[in-house]
Every structure is written in structure tokens, then in C-alpha cells.
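Next come the chains, spelled out residue by residue.
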Amino acid sequence: MLTIYGSDLSGPAIKVRLAASFLGLNYKWHLVNLREGEQKQEWFLKINPVGKIPAMDDDGFYLFESNAICKYLCDKHNSPLYPKDVKQRAVIEQWIDYASFHIGANLMPIVYNRVFAKRRGIPVNEKAITDGEESLKQYFPIVEKQLTFHKYIVSNEISLADIILLALLEPVEMAQVNLSGYPKLMVWRAECKKQGFYTRCYKEYGEMLKAPNVK
Ligand SMILES: N[C@@H](CCC(=O)N[C@@H](CS)C(=O)NCC(=O)O)C(=O)O
């Protein structure tokens, strides 16, 4: 039995859910209440000693870190999302890292300050927002250019790099990050979001955020 521990609005958890959906896996979705600090409780620390979601329990095999979980699931199910050929895989890894360390890392402070800090009454760090936006102006054009070469990030076939970038971009509307300067990125995103693995997966990010218990 596969159990994924996460929370609805967590970008890293969304990566795992999208990958699992693409692979057609049945799994138990275990909501961890971050506001109540459930992720630091003893039972959860046995699954992930870092006390963060997402985490995975695959018949007693525990794993944390969203990218690692996605890669494990793809490998276990021999998915073309994450091919075994060393060169193909290396290029996918390259774009997973690019998406994580340049796009995700700069988007996260914007999302936190524009969406969550306000909702939680925490002071908004305007500089973190400006810095993130400035950095993204440097990093989005690289992805835009990449999408002039083929339909998806790495080739004309969807890969785990697409799934991971797609998940990272989920909150852009809520965080008022404007992608209109990147038309190919917008087409790529719309195309991915039309596919069954996405539509079957969970409600739209904005919809989830409207739920009364979401802070
Ligand atoms: N690098 C980790 C990031 C995990 C992470 O930061 N999770 C957040 C939710 S998005 C969390 O669990 N926060 C609660 C806490 O730190 O106590 C991954 O990709 O899985």
C-alpha cells in the first residue's frame, strides 16, 4: 500500500500527486495538518525525521523530499517520464534542478509573502517579493527559449521535469506572478493542464485556497 503524506496547498506535495497520477497509481492521501504542527509529532518524524511534507510510505519503505519521491515512483514503475538511459536522464535531472533551484526557489518567497503571510497576519517582506521577481526575470526566459525547440521542456515527450515545473507554477495566479511575457511557457502550461493526469489529480490551486479551513 502506497501512502503519500501531504497537504493540499503544498507545491512539493503537488509534484508527488501529479507524478503518481501520471503513473496511474492508487494511493492513500494522508493530510497532515501543518497548522497544528502534526508534521513535528513523533509518529510523523518516524516517517520523515525532518518533519516536513511530502513524505511517502510504500509498504514500509519511507522516503521524503518531493523530487526523490517522484523519481523513486517513476523508476519503480519503469516510467518513460524518467528514462533509464544515462544521457536522457541526465538532461531531465538538469531541468529538474533548474526548475527547483532557480524557478521554485525564487517563486516560493513571492507565494509565501503574497498569499500566506497576508492570510496569517504575518508581516509581508516586500524585499523578498522584489528579489524573487527580479531573479525570475532572469530564469523564466531560459525556459521560454527551451520551449522553442520542442513541445515539452526536454523533448517532444513529457518528462518528470515538466511535472515538477508544472507543480511549482501552480500558485502563480494567486501570487500575481505574470507569465504573459512568456507565451510559450503559457501554452506549455495550458497544454499540460488539459491532460488527464492533471485534471484527475486535485482541484485547481485557487479553488483549494478558497476552502474555509485553509489558512
Ligand atoms: N525540499 C522539500 C521541501 C518540503 C517543505 O518545505 N514542505 C513544507 C510544506 S510545502 C513543510 O512541510 N512545512 C512545514 C514545516 O516546515 O514545519 C521537498 O521538496 O519535499
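Cut-offs used in this document
- Residues numbered from 1 in each chain as written.
- Predicted model: local features only at pLDDT ≥ 70, side-chain atom pairs only at ≥ 80, totals over all residues.
- Helix = DSSP H or I, 4+ residues; strand = E, 2+ residues; numbered from the N terminus.
- Rg over C-alpha atoms; globule rule 2.2 N^0.38 Å.
- Buried ≥ 20, exposed ≤ 12 C-beta atoms within 10 Å, placed from the backbone.
- Contact = placed C-beta atoms within 7 Å.
- Core = buried A, V, L, I, M, F, W, Y, C linked by C-beta atoms within 7 Å.
- Domains from an automatic or database assignment.
- Expected span 1.5 Å × (residues − 1).
- Pairing = 2+ DSSP bridges.
- Axes fitted to C-alpha atoms, helices over the stretch in contact; angles between N-to-C directions.

A few words on the overall build of the chain. Scanning the chain from N- to C-terminus turns up nine helices and four strands. Overall, the chain shows an N-to-C arrangement of helices and strands of β-α-β-α-β-β-α-α-α-α-α-α-α. The C-alpha atoms of the chain give 17 Å as radius of gyration, which agrees with the globular expectation for 215 residues (17 Å, within 12%). Judged by the C-alpha coordinates and their principal axes, the chain covers about 50 × 45 × 25 Å. Residue burial in the chain is summarised as follows: out of 215 residues, 32% are buried. Contacts in the chain between residues far apart in sequence, at least 24 positions, make up 66% of those at least 6 positions apart.

Counting residues in each nonpolar core, the largest one holds 48 residues, and the members touching the most others are A19, C70, L160, A161, I163, I164 and L165. At the level of elements, strand 1 (2-6), helix 1 (11-22), strand 3 (55-58), helix 3 (66-76), helix 4 (86-120), helix 5 (126-149), helix 6 (160-168) and helix 7 (183-194) are the ones that each hand at least two residues to this core. At nine residues, the largest contribution of residues to this core is made by helix 4. Each of two domains, domain 1 (2-80 + 201-209) and domain 2 (86-195), supplies a minimum of three residues to this core. Setting aside residues no more than four positions away along its own chain, I164 makes contact with K15, N67, C70, I96, A99 and S100.

Take the domain arrangement of the chain next. In many analyses, interface size is given as the accessible surface area lost on bringing the parts together. On domain assignment, one finds that the chain holds domain 1 (2-80 + 201-209) and domain 2 (86-195). Between the C-alpha centres of domain 1 and domain 2 there is a distance of 20 Å. With 14 residues of domain 1 at the contact, the number on the domain 2 side is 13 residues. Residue assignment for the side of domain 1 that touches domain 2 shows that the elements contributing at least two residues are helix 1, helix 3 and helix 9 (205-209).

What follows deals with helix 1. Taking 1.5 Å per residue as the helical rise, helix 1 with its twelve residues ought to reach 16 Å, and the 16 Å between its terminal C-alpha atoms agrees with that figure. Burial analysis of helix 1 places ten of its twelve residues in the buried class, which makes it a mostly covered element. Turning to helix 1, its buried residues number three or more, namely P12, A13, I14, K15, V16, R17, L18, A19, A20 and F22. At its buried positions, helix 1 is contacted by strand 1, helix 3, helix 6 and helix 8 (196-199). Where helix 1 terminates, the next one or two residues include G24, which has phi positive at roughly 70°.

The subject of this paragraph is the sheet that holds strand 1. A sheet is described by the order of its strands in space; here four strands give the open sequence 2-1-3-4, paired in mixed fashion. Looking along the sheet, the strands with just one partner apiece sit at the ends: strand 2 (28-31) and strand 4 (61-64). On average, each strand axis in the sheet is inclined to that of its neighbour by 20°, with strand direction left out of account. Pairing between strand 1 and strand 3: four bridges, direction antiparallel. Looking at the pairing, T3 lines up with D57 of strand 3.

Put simply, I53 and P54 share a cis peptide bond, and its omega is 5°. Relative to the elements of secondary structure, P54 occurs in the loop between helix 2 (42-45) and strand 3. Of note, N78 is a non-glycine position whose phi angle comes to about 50°, a positive value. With respect to the secondary-structure elements, N78 resides in the loop between helix 3 and helix 4. In this structure, Q176 is a non-glycine residue whose phi angle is positive, near 50°.

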